[in-house]
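If you want the building blocks of each chain, they are given just below.
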Amino acid sequence: MALLTKASKRSGLSEAFWGYVFVAPWLIGLFALTLGPMLQSLYLSMTRYHLLESPKWTGLANYKEILLEDDTFVQSLGVTFRYVLFSVPLKLAFALLVAMLLYRSIKGMSVFRSIYYLPSLIGGSLAIAAIWRNIFGMEGVVNKLLAFFGVAPMDWINLPDTSLTTLIALAVWQFGSAMVIFLAGLKQIPNDLYEAAAVDGSSKIRTFFSVTIPMLTPIILFNLVMQTINSFQMFTQAFVITKGGPIDSTLVYALYLYQKAFVFFEMGYASGLAWILMLLIAAATALIFITSRKWVHYEN
């Protein structure tokens, strides 16, 4: 018995050892590439740290300046909130509409699904952002279409009233990832529910709002959370297309953070902005989950 006990202990230790060996790359990445830099940025956020100088401890001075004295912070926050409030609902609505159209079993439909998903794969690239800038330029496709209908061309990107609209339009165009998730959710809805609705004489619109939407609410919640988090961190599009202008009308939060860190080299201040952004995203996510108790319906 003693020999069996020792053998089983050795076997358990061996399994645990190899388990830690296989999980070691993830643990190294977690501590070296995630938690370590996060803790360092938390420390730097409480210092006056210029990139070419040593950090000097200032406590909460950066946060006080950001929250009470920085008008540009307030401006970027307002721009970001407007971007999130418009882009996320429009993207989800468009993704659901396309998912409903692609849900039908038609020959070659998988090809169309791949084509519609393509913008999400390349939409965040610098090339697409540059192309988007040309599309909304004075000689771009949008103005040429408007001219065909007799509408005068507009300088979409360089007008404060329309510049943010171009970024929102690009975000809506990148609906592919949400669409794929909606497609998966639509396939999980039992056909019995649609058959029962048809027997009751329900119209297609009534069935959509009484059967499809309630059954998709967990999927809508997931997409809403993921798209909200991504929208708060939007950077590339604003950096390439508008560079935050005109008159800071497209100066989103992440772009302002970048300017503080890599244009003015105020790393301590930028670290404070980064932690405030994290808290804002956490608060927005928590708010979505709290309100989801009222509108998300699970099968059980």
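Up top is the structure.
The structure presented is a predicted model; accordingly, all values stated were derived computationally and were not measured. (Residues numbered from 1 in each chain as written. Predicted model: local features only at pLDDT ≥ 70, side-chain atom pairs only at ≥ 80, totals over all residues. Heavy atoms only, no water.)

1. A word on the overall build of the protein
And step 1. Secondary structure summary: the protein contains 13 helices and two strands in total.
And step 2. Looking at the 300 residues of the protein, the share that counts as buried comes to 36%.
And step 3. Of the contacts made within the protein by residues no fewer than 6 positions apart, 68% connect residues no fewer than 24 positions apart.
And step 4. As displayed, the protein offers around 18400 Å² of accessible surface, 69% of which is attributable to carbon and sulfur atoms. (Helix = DSSP H or I, 4+ residues; strand = E, 2+ residues; numbered from the N terminus. Buried < 20%, exposed > 50% of the residue type's maximum accessible area, 1.4 Å probe, protein only. Contact = heavy atoms within 4.5 Å. Areas by Shrake-Rupley, 256 points an atom, 1.4 Å probe, with all protein chains shown as cover.)

2. Looking at the side chain of Thr 47
And step 1. Positionally, Thr 47 belongs in strand β1 (residues 47–48).
And step 2. Look at Thr 47 and you get buried, because its relative accessible area is 0%.
And step 3. Within the structure, the side chain of Thr 47 is placed 2.7 Å from the backbone oxygen of Leu 44, a separation counted as a polar contact.
And step 4. If near-sequence neighbours (up to four positions away) are discounted, Thr 47 is found in contact with Pro 55, Lys 56, Trp 57, Thr 58, Asn 62 and Gly 268. (Polar contact = N/O pair within 3.5 Å; in protein donor to acceptor, adjacent residues only side chain to side chain.)

3. Structural notes on unusual backbone geometry
And step 1. Following Gly 245, the chain continues into Pro 246 via a peptide bond in cis, with omega recorded as -5°.
And step 2. For Pro 246, the position within the fold is in the loop between α11 (236–242) and α12 (253–262).
And step 3. Of note in the backbone geometry, Lys 243 takes a positive phi value of approximately 55° without being a glycine.
And step 4. Position of Lys 243 relative to the elements: it lies in the loop between α11 and α12.
And step 5. A relative accessible area of 59% places Lys 243 in the exposed class.
And step 6. In this structure, Asp 248 is a non-glycine residue whose phi angle is positive, near 60°.
And step 7. The residue Asp 248 is located in the loop between α11 and α12 in this model.

4. What about the packing of aromatic side chains?
Each aromatic ring pair is summarised here by two numbers: the centre-to-centre distance and the angle between the ring planes.
And step 1. Applying the stated criterion across every chain, the model contains 15 aromatic pairs.
And step 2. Relative to Phe 239, the ring of Phe 235 has its centre 5.3 Å away and its plane inclined at 20°; by these criteria the two rings are stacked.
And step 3. Among the residues examined, Phe 235 registers a relative accessible area of 24% and is labelled partly exposed.
And step 4. Of the aromatic side chains, those joined through ring pairs into one cluster are Trp 132, Phe 136, Trp 156 and Trp 173.
And step 5. Sitting above the plane of the Phe 239 ring, Lys 243 keeps its charged end 5.3 Å from the centroid.
And step 6. The ring of Tyr 269 carries Lys 260 above its face, with NZ or CZ at 4.8 Å from the centroid. (Phe/Tyr/Trp six-rings, centres within 6.5 Å; stacked < 30°, edge-to-face > 60°. Lys NZ or Arg CZ within 6 Å of the ring centre and 35° of its normal.)

5. Some thoughts on a nonpolar patch on the surface
And step 1. On the surface, a cluster of nonpolar side chains totalling about 450 Å² of accessible area is made up of Phe 31, Leu 35, Met 38, Met 278 and Leu 279.
And step 2. Breaking the nonpolar patch down by element, the ones donating at least two residues are α1 (2–44) and α13 (267–295).
And step 3. If you tally residues by element for the nonpolar patch, the top one is α1, at three residues.
And step 4. Mapped onto the elements, Met 38 comes out in helix α1. (Patch = residues over 30% accessible without salt bridge, like charges linked within 9 Å, V, L, I, M, F, W, Y side chains within 5 Å. Salt bridge = Lys/Arg side-chain N within 4 Å of Asp/Glu carboxyl O.)

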